[in-house]
Structures are given as structure tokens and as C-alpha cells.
Amino acid sequence: MEKAIKLKVRKELNGQQQLNIIKLKGSLISKGYTEIIHILDQDDDFHINSFETSLENTNEVQDFITAFINRENLADTISLYK
């Protein structure tokens, strides 16, 4: 069984924020957590990025994303979406 993980990403980003979001997505793929990330509009301000990962990786992936957000000071830019 697979678990869907969703990220809420602000649409208005500066260049550094855009680069950091791309790094995060690339890291998720290169670490083998997922193969593809889907992007949908939520509203005028946010996108929802979603991907599936194995159940055994769910906590590890969420911890990785949270650590990345904290390390890169992206709390106002991206968050896990429940």
C-alpha cells in the first residue's frame, strides 16, 4: 500500500525560494521516495504538490521534508498539507 503526501507551496516565490523548492523535489526523487510529483492549483496563492511513497517511508519522508523546510527557512513558503 502507498501513502500520498501533499505539500502546500506558495505561488509567489523569489528566485532563492524557487531554487530551494526545486532542490527539495529533486531530493525526494533522487532519494527514491517517489518517481513523480503532481502539481495542482489550490487557489490564487498556493499550489498543492502531491506524490505517493511507500508506507514504510512515510515517516522518514515527512521528517526529511520538515528538516529541509527548517534548514532552508521555508516555513512561510512550503508546508506539509493534511
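Preceding block: the structure.
A few points on the structure.

**Observations concerning the pairing of strand β3 (residues 46-54)**
Part 1 of the reasoning: For β3, the buried fraction is high: seven of the nine residues fall into the buried class.
Part 2 of the reasoning: Strand direction decides the pairing type here: strand β1 (residues 2-10) and β3, joined by nine bridges, are antiparallel. In the sheet register, Val9 faces β3, and the bridge partner there is His47.
Part 3 of the reasoning: Relative to β3, strand β2 (residues 38-41) runs antiparallel, the two being bridged by four bridges. Counterpart to Asp41 in the pairing with β3 is His47.
Part 4 of the reasoning: What sits between β2 and β3 in their antiparallel hairpin is a turn of four residues.

**Re a negative patch on the surface**
Part 1 of the reasoning: Negative charge collects at one region of the surface, where Glu12, Asp43, Asp44 and Asp45 lie side by side.
Part 2 of the reasoning: Within the secondary structure, Glu12 is located in the loop between β1 and α1 (15-30).

**A closer look at the sheet that holds β2**
Part 1 of the reasoning: Within the open sheet, the four strands sit side by side as β2-β3-β1-β4. Their pairing is antiparallel. Two strands lie at the open edges of the sheet, namely β2 and β4 (78-81), each paired on one side alone. Across the sheet, the axes of successive neighbouring strands diverge by a mean angle of 30°, strand direction being ignored.
Part 2 of the reasoning: On top of the sheet, helix α2 (residues 58-71) reaches β1, β3 and β4; it is set at about 15° to β1, its chief contact.

**Concerning the environment of Arg10**
Part 1 of the reasoning: Looking at the element boundaries, Arg10 is found in strand β1.
Part 2 of the reasoning: In this structure the C-alpha to C-alpha distance between Arg10 and Gln42, which are 32 residues apart in sequence, comes to 9.9 Å.
Part 3 of the reasoning: If we skip the residues at most four places from it in the chain, Arg10 touches Asp45, Phe46, Asp76 and Thr77.
Part 4 of the reasoning: Within polar-contact distance, the side chain of Arg10 engages the backbone oxygen of Asp76 at 3.1 Å.

**So, the packing of aromatic side chains**
Geometry of an aromatic ring pair is reported as the spacing of the ring centres plus the angle between the planes.
Part 1 of the reasoning: Applying the stated rule across the entire model yields two aromatic pairs.
Part 2 of the reasoning: Relative to Phe64, the ring of Tyr33 lies with its centre 6.0 Å away and its plane at 55°, an arrangement referred to as tilted. Here the residue Tyr33 occupies a position in the loop between α1 and β2, and Phe64 occupies one in helix α2, the gap between them amounting to 31 residues.
Part 3 of the reasoning: Its relative accessible area of 18% is what places Phe64 among the buried residues.
Part 4 of the reasoning: Summarising the aromatic geometry, the rings of Phe64 and Phe68 are spaced 6.5 Å apart at their centres and angled 35° between planes, so their arrangement reads as tilted. Placement of the pair is Phe64 and Phe68 together in helix α2, with a separation of four residues, close to one helical turn. You'll find Phe64 and Phe68 in the same group, each marked buried.
Part 5 of the reasoning: Directly above the ring of Phe46 sits Lys8, whose terminal nitrogen or CZ lies 4.5 Å from the centroid.

What counts, and where the lines are drawn
Residues numbered from 1 in each chain as written. Predicted model: local features only at pLDDT ≥ 70, side-chain atom pairs only at ≥ 80, totals over all residues. Heavy atoms only, no water. Buried < 20%, exposed > 50% of the residue type's maximum accessible area, 1.4 Å probe, protein only. Helix = DSSP H or I, 4+ residues; strand = E, 2+ residues; numbered from the N terminus. Pairing = 2+ DSSP bridges. Patch = residues over 30% accessible without salt bridge, like charges linked within 9 Å, V, L, I, M, F, W, Y side chains within 5 Å. Areas by Shrake-Rupley, 256 points an atom, 1.4 Å probe, with all protein chains shown as cover. Salt bridge = Lys/Arg side-chain N within 4 Å of Asp/Glu carboxyl O. Lys, Arg positive; Asp, Glu negative; His and termini not counted. Charge placed at Lys NZ, Arg CZ, Asp CG, Glu CD. Axes fitted to C-alpha atoms, helices over the stretch in contact; angles between N-to-C directions. Contact = heavy atoms within 4.5 Å. Polar contact = N/O pair within 3.5 Å; in protein donor to acceptor, adjacent residues only side chain to side chain. Phe/Tyr/Trp six-rings, centres within 6.5 Å; stacked < 30°, edge-to-face > 60°. Lys NZ or Arg CZ within 6 Å of the ring centre and 35° of its normal.

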